[in-house]
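Coordinate analysis (summary)
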Amino acid sequence: MGLFDDDFYSTKVSRRRSRMHEASSGSGGHKWPRRSRRGLATWQVAMICSVVSAVTAVLLFSLVTGQLTHEKAESPAVIGKVAASSGDPYDRIIQAAALVRPAVVSIINHKEDNKELNILDESALGSGVIYKKDDGKAFIITNNHVIEGAGKLEVVTVNGETRKATLVGADKVSDIAVLSIDAEGIKTVAQIGDSSKLRLGETVIAIGNPLGLGDTLTSGIVSYTERTIPVSLNQDGVYDWEQEVIQTDAAINEGNSGGALVDLNGKVIGINTMKISDTGVEGLGFAIPANHVMETADELAAKGKIARSYLGVYSVDLNNPYVPLAEDQRKELNLPDSVKDGVVVLDAVGPAKVAGLQLNDVITKFDNQSITSTLSLRKYLYDHTKIGDELKITFYRNGEVKQVTVKLLEKPEE
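Everything numeric here is computed off the predicted structure, so don't read it as measured data.

**What to know about the pattern of salt bridges**
Taken as a whole, this structure holds nine salt bridges when the rule is applied. Note that Asp-361 is salt-bridged to Arg-397, the shortest N-O span being 2.8 Å. Pair noted here: Asp-361 is in the loop between helix H7 (350-355) and strand E19 (362-366) and Arg-397 is in strand E21 (residues 390-397), with a separation of 36 residues, a long-range link. Arg-397 gets classed as partly exposed once you look at its relative accessible area, which sits at 22%. A salt bridge links Lys-379 to Asp-383, with the shortest nitrogen-to-oxygen separation between them at 3.9 Å. Taken together, the residues span about one helical turn, with Lys-379 and Asp-383 both in helix H8 (residues 374-384) at a distance of four residues.

Take a look at the structure:
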């Protein structure tokens, strides 16, 4: 076997050359004419040999190159387990885009006017994806930050038709919202793919309404399949949540938020949500994975909100490198030297107040699991508890370790 496992480096060519040689000179093949008594002149013999050699070379070349071309057409090149396309590779982008384009809409958020301060907020632009039709309504997935502060919402379909939209439900933590419009005339619903099967380097398409230029298509690759990035839910500069996202270099700009990230099968595998925009930064866009989106969207469509556990503490991290506590504040807590991480209670309301938590208590554990920051506190509540659970809290008060049990309630709407 040759170095490469294909016909060009195999022994098949030499066997063909051998058969051609046998066909031209072996027994049962063409035989040279018998020499006459008179014989041929030297120049005649030389000419005949030259003609025969040329014809033989042409035949061998035609057979070999013709066979190689035929075999390549039947057996496409394979890299690993992925067969190279025999047609135009951009055809798949065109076909995938054609499948999902009619289901991607532009969203106009006419924000509420603040008449008392005589301030008129500008309309915000975004994108959305029609993902299902039910009971005469078409339901649209978008980002929470696209519709936040909405006074009136409008949707513009791919054919330019403007329709009034109604907010079904929104969730700030996951940054997902669901809208509804009249389903009359809506013929295309996006197919939702399985984002857990994404591969690094896979080609993807972003479709949306960047800068108000609706029905815009860009393409790129999956730069990273499961990137975790910190976010500030209150936009106060303090990272208090983590978002799992798909990283892509497909161009995503303001207005793309809520639009579709699509694979080459025409299935939505993510909802575009943000990009990093800074000097020297290129090609860093992010989308919420479709599997996470659908869990949230289904609950929003059914209940209008996401029900989460609620403790009722306003807090600051004991050890936050970005917002460190002043030295006199740390002394006031009177903590043992062994306590390096935890969450300092600034105020207690609801269940926390009922259980007796108060200002300057330092929470260090939930159910014997370490709590090192507000982020870890929130993630434990949302990911490991449910409404009605009893949560055991370990905390320090004036240097003394204490424990209390809190019954969690449902998080109130903000």
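Structure shown, so let's carry the discussion forward.
**Some details on the confidence of the model for the chain**
Overall, the prediction assigns the chain a mean pLDDT of 81, with 74% of residues at 70 or greater. Under a pLDDT of 50 for its full length, residues 1-37 has, in the predicted model, 19 contacts with residues more than four places off or in other chains. Per-residue pLDDT stays below 50 along residues 67-86; that stretch engages in eleven contacts with residues further than four places along the chain or on separate chains.

**Some details on the side chain of Thr-374**
Relative to the elements of secondary structure, Thr-374 occurs in helix H8. Exposure remark for Thr-374: the relative accessible area of 14% places this residue in the buried category. Sequence-distant contacts of Thr-374, defined by excluding residues within four places in its chain, comprise Ser-315, Val-316, Asp-317 and Val-343.

Rules used in this analysis
- Position labels on residues start from 1 in each chain and follow its written sequence.
- Totals for whole chains, interfaces and linings use every residue, but because this is a predicted model, local features are given only for residues with pLDDT of at least 70 and side-chain atom pairs only at 80 or more, for both listing and counting.
- Calculated side-chain values reflect all of the structure's heavy atoms, with hydrogen atoms and water omitted.
- By salt bridge we mean one thing: a side-chain nitrogen of Lys or Arg within 4 Å of a carboxyl oxygen of Asp or Glu.
- The way it works is that DSSP assigns letters per residue, a run of H or I at least four long becomes a helix, a run of E at least two long becomes a strand, and they are numbered from the N terminus.
- Only protein chains enter the accessibility calculation, which uses a 1.4 Å probe. A residue is then buried if its area is under 20% of the maximum for its type, exposed if over 50%, and partly exposed in between.
- Predictor confidence is given residue by residue as pLDDT, running from a minimum of 0 to a maximum of 100.
- Should any heavy atoms of two residues lie within 4.5 Å, those residues are considered in contact.

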